[in-house]
Amino acid sequence: MRKFDIVTPVIEAGFDELDHADRRLVDDAMCATDRAYAPYSKFHVGAAIRLDNGEVVTGANQENAAYPSGTCAERATCYYAHARWPEAAFMAIAVAARGTDGEFVAEPVAPCGACRQALLEYETLAGHDVKVILVARDKVYILPSVRATLPLAFSEF
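Residues numbered from 1 in each chain as written. Predicted model: local features only at pLDDT ≥ 70, side-chain atom pairs only at ≥ 80, totals over all residues. Heavy atoms only, no water.

### Some thoughts on the packing of helix H2 (residues 73-84) against helix H3 (residues 113-126)
Contact pair H2 / H3: the axes reach a minimum separation of 9 Å and the direction vectors enclose 25 degrees. Taken together, the axes of H2 and H3 lie roughly parallel to each other. Between H2 and H3 the crossing geometry is left-handed. Between H2 and H3, the contacting residues are Glu-74, Arg-75, Cys-78, Tyr-79 and His-82 on the first element and Ala-114, Cys-115, Ala-118, Leu-119, Tyr-122 and Leu-125 on the second. (Axes fitted to C-alpha atoms, helices over the stretch in contact; angles between N-to-C directions. Helix = DSSP H or I, 4+ residues; strand = E, 2+ residues; numbered from the N terminus. Parallel < 35°, antiparallel > 145°, perpendicular 65-115°, else oblique. Left-handed = near helix turned anticlockwise from the far one by under 90°. Contact = heavy atoms within 4.5 Å.)

Written out as structure tokens, the structure is:
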């Protein structure tokens, strides 16, 4: 028997510490929260993915009364990005959320497990790490890869 620790590297940064490309991605994710359809949870999530062809794709969560047939912002965005530009590799994703009070959350919110798995497959397809930026009201968390969000990932695909 062997015990080991799983460590997730996270950098906490302020918006002013981001480079231009990451700041644009964060801004796009924050703006995408306005396009969420969340009449039930009142939790508005936006995502933005930067592709290696220079395109930035955004999306937002979409709920439905026939729960659970809605879609999270991260999956809505990654599925559209790959459907529109199947040859383009993902470079980074930013995720922002506004809580039930309509304000951006105080602490960054990470993708759900299903979204982490979907994003991991696109990271694998890209052949390199895809940076993850989780956005809160006054700070961001930066993770080096999708795999860092899902350390015991299912990867037999």
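Anyway, onward from the coordinates.
### Let's talk about the packing of aromatic side chains
Following the criterion strictly, the structure yields one aromatic pair and no others. Ring geometry for Phe-90 against Tyr-122: centres 4.9 Å apart, planes inclined by 15 degrees, an arrangement best described as stacked. Of this pair, Phe-90 sits in strand E4 (residues 90-98) while Tyr-122 is found in helix H3, placing the two residues 32 residues apart along the sequence. The pair Phe-90 / Tyr-122 is uniform in exposure class, with both members buried. (Phe/Tyr/Trp six-rings, centres within 6.5 Å; stacked < 30°, edge-to-face > 60°. Buried < 20%, exposed > 50% of the residue type's maximum accessible area, 1.4 Å probe, protein only.)

### A few points about the nonpolar core
The biggest cluster of nonpolar side chains holds 27 residues, and the ones touching the most others in it are Leu-51, Cys-78, Phe-90 and Ile-93. For this core, the secondary structure elements donating two or more residues are strand E2 (44-51), H2, E4, H3 and strand E5 (131-135). Excluding residues within four positions of it along the chain, Ile-93 makes contact with Leu-25, Ala-47, Ala-48, Ile-49, Glu-74, Leu-119, Val-130, Lys-131, Val-132 and Ile-133. Val-26, Ala-29, Val-135 and Val-140 belong to the second-largest nonpolar core, a separate cluster that totals 17 residues. (Core = buried A, V, L, I, M, F, W, Y, C linked by side-chain atoms within 4.5 Å.)

### Some thoughts on the state of the cysteines
Evaluated as defined, the whole model comprises zero disulfides. Not engaged in a disulfide, the cysteine Cys-112 finds its nearest cysteine sulfur in Cys-115; these two sulfurs lie 3.7 Å apart. What makes Cys-115 buried here is its relative accessible area of 1%. (Disulfide = S-S within 2.5 Å.)

### Remarks on the side chain of Glu-63
If you trace the backbone, Glu-63 turns up in the loop between strand E3 (56-60) and H2. One buried charged side chain, Glu-63, makes no salt bridge at all; its nearest oppositely charged neighbour is Lys-42, positioned 7.1 Å away. A polar contact of 2.3 Å, which involves the side chain of Glu-63, links it to the side chain of Ser-41. Residues in contact with Glu-63, not counting those within four places in the same chain, are Tyr-37, Ala-38, Pro-39, Tyr-40, Ser-41 and Gly-70. (Lys, Arg positive; Asp, Glu negative; His and termini not counted. Salt bridge = Lys/Arg side-chain N within 4 Å of Asp/Glu carboxyl O. Polar contact = N/O pair within 3.5 Å; in protein donor to acceptor, adjacent residues only side chain to side chain.)

### Notes on the pattern of salt bridges
Pairs can form between side chains of opposite charge once their charged atoms are near each other. Following the criterion strictly, the structure yields six salt bridges and no others. Across the pair Asp-28 and Arg-24 runs a salt bridge, and its minimum N-O distance is 3.6 Å. Pair noted here: Asp-28 and Arg-24 are both in helix H1 (residues 20-32), with a separation of four residues, about one helical turn. With relative accessibility at 42%, the residue Arg-24 sits in the partly exposed group. A network of salt bridges, in which partner residues are shared, links Asp-22, Arg-50 and Lys-131.

### Some details on H3
Here H3 is 14 residues long and its end C-alpha atoms lie 20 Å apart, about the 20 Å a rise of 1.5 Å per residue gives. Cys-115, Gln-117, Ala-118, Leu-119, Leu-120, Tyr-122, Glu-123 and Ala-126 are the residues of H3 that are buried. On the buried face of H3, the contacting elements are H2 and E4. Backbone geometry just after H3 places Gly-127 at a positive phi near 80 degrees. (Expected span 1.5 Å × (residues − 1).)

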